[in-house]
Amino acid sequence: GLEEITPKPVQDAGNVLKQGYLEKRSREHSFFGSEWQKRWCVLNRRTFYYYASEKSKQPKGNFSIEHYSARMAYHLRKDSRKRCCFELICPGKRTYE
């Protein structure tokens, strides 16, 4: 079954493997296409959290990384950052770019 993830402040995320700023593509498309949003991201052994900034107390979102995999996705951008683009994918769930 699905496990509910309780939002936690960055400092309480526990067992942090990686953290830092990434740009995440928003789900909402504007007139100019999808927008890239700078987010403070925290990855622990079970959960990926993203925050407005590293000073934020509550995440803007989070998801269990179980069954997710990562793959390079150079096609997402046309600028110099295209070599850094990747997707987090899981069948039947949202893809994070």
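Reading guide: rules and limits
All residue numbers refer to position in the chain's written sequence, counted from 1. Per-residue local features are limited, in this predicted model, to residues with pLDDT of at least 70; the limit for side-chain atom pairs, both in listing and counting, is 80 or more; totals at the level of whole chains, interfaces and linings are taken over all residues. The side-chain values count all of the structure's non-hydrogen atoms but skip hydrogen atoms and water molecules. Note on conventions: DSSP H or I runs of at least 4 residues are helices, E runs of at least 2 residues are strands, and numbering of each starts at the N terminus. Should any heavy atoms of two residues lie within 4.5 Å, those residues are considered in contact. Between Lys or Arg on one side and Asp or Glu on the other, a salt bridge is scored when a side-chain nitrogen of the former is within 4 Å of a carboxyl oxygen of the latter. Only protein chains enter the area calculation, which uses a 1.4 Å probe; residues under 20% of their type maximum are buried, those over 50% are exposed, and those in between are partly exposed. Here a polar contact is recorded for every N or O atom pair within 3.5 Å, except that within protein the pair must consist of a potential hydrogen donor and a potential acceptor, and residues adjacent in sequence are included only if both atoms are side-chain atoms.

With an unreviewed UniProt entry as reference, the chain is termed Src kinase-associated phosphoprotein 1, source organism Colius striatus.

Summarising the element assignment, Arg 94 is placed in the segment after β6 (86-89). The residues touching Arg 94, leaving out its near neighbours within four places in the chain, are Lys 24, Arg 25, Arg 27, Tyr 50, Tyr 68 and Leu 88.

Right, let's get into the pattern of salt bridges. If you walk through the whole model with that rule in mind, you get five salt bridges. For Arg 25, the salt bridge identified is with Glu 97, shortest N-O distance 2.6 Å. With Arg 25 in strand β1 (residues 18-30) and Glu 97 in the segment after β6, this residue pair connects regions lying 72 residues apart in the sequence. Look at Glu 97 and you get partly exposed, because its relative accessible area is 24%. Residues joined by salt bridges that share partners form a network here, namely Glu 23, Arg 77, Asp 79 and Arg 81.

Within the secondary structure, Ser 56 sits in the loop between β3 (47-51) and β4 (61-64). Judged by its relative accessible area of 15%, Ser 56 is buried. Only 3.1 Å separates the side chain of Ser 56 from the backbone nitrogen of Ser 53, close enough to count as a polar contact.

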